[in-house]
Amino acid sequence: MPTPDPGPGDGVIPGAGPTPRPGERATVRLRDGGPEDQPRYAPEWLELREPADAAARAHGLLDPLRIRLANLPGRSGTVIHDLGCGTGSMGRWLAPRLDGAQHWILHDRDPYLLHFAAVASPKSAADGSRVSVETRRGDVARLTPDALLGASLVTASALLDVLTRDEIDTLAAACTDAGCPALLTLSVAGRVQLTPAHPLDEEIAEAFNAHQRRGGLLGPDSVTAACDAFSERGATVRVDPSAWRLGPAEAALTAQWLRGWVGAAVEQRPELTDRAEPYLRDRLAACAAGELHVVVHHNDLLALSRPAGGAE
């Protein structure tokens, strides 16, 4: 799909926008080894979105999480498993907001991302206690309770919406069987608001949401599925909104998001192409002029499983 002529550095980030490869999802690289492999994020996209993610995360979930961590039995420190860690943005955000010594175990399929996450990890907690890290390369969709032995907390960002129902059930079972809480953030909600509005906004959004559900992935249905999966296993679940609010200061992120959003919609519904081309061109021009504001709705989920051994 043609877009305005990019200037230096303005091209589409791999994994963040439309590409000619069939099956590519916005912001997500193809499953490299076939449908059984996890989607992989482009590191450039992860870096670009990190400030917006940090601003969006639901701070209201931190107090109940802190209370649960403080009351977990037999803990001399906090052991946190970060699933699909990418470049480690969750650790950089959360570790300085929790007290006490922390050991982060970073999980991802991509060795480059794991290396970056480990090198860029925070060194101290909110109270100055030491934060240490280790990395584990593997498939988070096949997580087992044994892998979470001794875990205090499981975290993930932008992960649920690229999982299937079976994969979410596997994740919920692993966390609840291990008795550890889960903080699962920044899952797409399927709603966007662009200001000023355009008649094509809703149609693009519907096509994008349909694209996210392809191949059995849950996309905007993932948080509901995760709530059910954790609740059915006895966990207490809370969901808070965590929307991106993008204005002129986030123009670079907005432009990349627009390319990916429209590109996925057109891949899902090719008949949109003739109208989507001028739509994207106009939206990118408004973005460059500082005239476009976008709210991309996400949700953060905190699941408080019953601690192993029956303690509350």
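Coordinates for the structure precede this section.
The rules behind the values
- Residues numbered from 1 in each chain as written.
- Predicted model: local features only at pLDDT ≥ 70, side-chain atom pairs only at ≥ 80, totals over all residues.
- Heavy atoms only, no water.
- Pairing = 2+ DSSP bridges.
- Helix = DSSP H or I, 4+ residues; strand = E, 2+ residues; numbered from the N terminus.
- Axes fitted to C-alpha atoms, helices over the stretch in contact; angles between N-to-C directions.
- Parallel < 35°, antiparallel > 145°, perpendicular 65-115°, else oblique.
- Contact = heavy atoms within 4.5 Å.
- Nonpolar A, V, L, I, M, F, W, Y, C, P; charged D, E, K, R; others polar.
- Core = buried A, V, L, I, M, F, W, Y, C linked by side-chain atoms within 4.5 Å.
- Buried < 20%, exposed > 50% of the residue type's maximum accessible area, 1.4 Å probe, protein only.
- Expected span 1.5 Å × (residues − 1).
- Bend = angle between axes of the 7 residues up to and from the residue.

Pairing of strand 4 (residues 153–157) with strand 5 (residues 182–195) involves 4 bridges; the strand directions are parallel. Along strand 5, the bridge assignment pairs T155 with L183. Across 9 bridges, the pairing between strand 5 and strand 8 (residues 293–304) is antiparallel. Bridging across to strand 8, L184 finds its partner in L301.

Here we take up the packing of helix 6 (residues 201–212) against helix 8 (residues 251–268). At a minimum axis separation of 8 Å, helix 6 and helix 8 run at an interaxial angle of 75 degrees. The pairing of helix 6 with helix 8 is recorded here as roughly perpendicular in orientation. Residues D201, I204, A205, A207, F208, A210 and H211 of helix 6 form the contact with helix 8, whose participating residues are G260, W261, V262, A264, A265, E267 and Q268. Here the contact of helix 6 with helix 8 is composed, by residue class, of 9 nonpolar, 3 polar and 2 charged.

The biggest cluster of nonpolar side chains holds 34 residues, and the ones touching the most others in it are L194, I204, W244, W257, L258, W261 and V262. Elements with a minimum of two residues in this core: helix 1 (43–56), strand 5, helix 6, strand 7 (244–246), helix 8, helix 9 (273–288) and strand 8. Counting residues per element, this core draws most heavily on helix 8, which supplies 9 residues. With 30 residues, the next largest nonpolar core counts V140, L184, V223 and A226 among its residues.

A few words now on helix 1. When the terminal C-alpha atoms of helix 1 are compared, their 19 Å separation across 14 residues agrees well with the 20 Å that a helix rising 1.5 Å per residue should span. At E50, helix 1 is deflected by roughly 45 degrees, the largest bend along its length, and proline P51 occurs up to four residues later in sequence. Residues of helix 1 that are buried include every one of P43, W45, L46, R49, A52, D53 and A56, and no others. Among the structural elements, helix 4 (111–119), strand 5, strand 6 (236–241), strand 7 and helix 8 are those in contact with the buried residues of helix 1.

Looking now at the environment of T195. The topology assignment puts T195 in strand 5. Along the chain, T195 and V295 lie 100 residues apart, while their C-alpha atoms are 8.7 Å from each other. Contacts of T195, omitting those with residues within four sequence positions, involve E291, L292 and H293.

Within the secondary structure, L159 is located in the loop between strand 4 and helix 5 (165–178). Look at L159 and you get buried, because its relative accessible area is 7%. Between the alpha carbons of L159 and L184 there is a distance of 7.6 Å; along the sequence they are 25 residues apart.

A few words on the packing of helix 6 against helix 9. A pair of packed helices is characterised by two quantities: the angle between their axes and the separation of those axes. Between helix 6 and helix 9, the shortest axis-to-axis distance is 12 Å and the interhelical angle comes to 110 degrees. On the basis of their axis angle, the class for helix 6 and helix 9 is roughly perpendicular. Along the contact surface, helix 6 presents D201, E203 and I204, while helix 9 presents R275, A276, Y279 and R283.

From the geometry alone we can't say anything about function, so treat these as descriptive.
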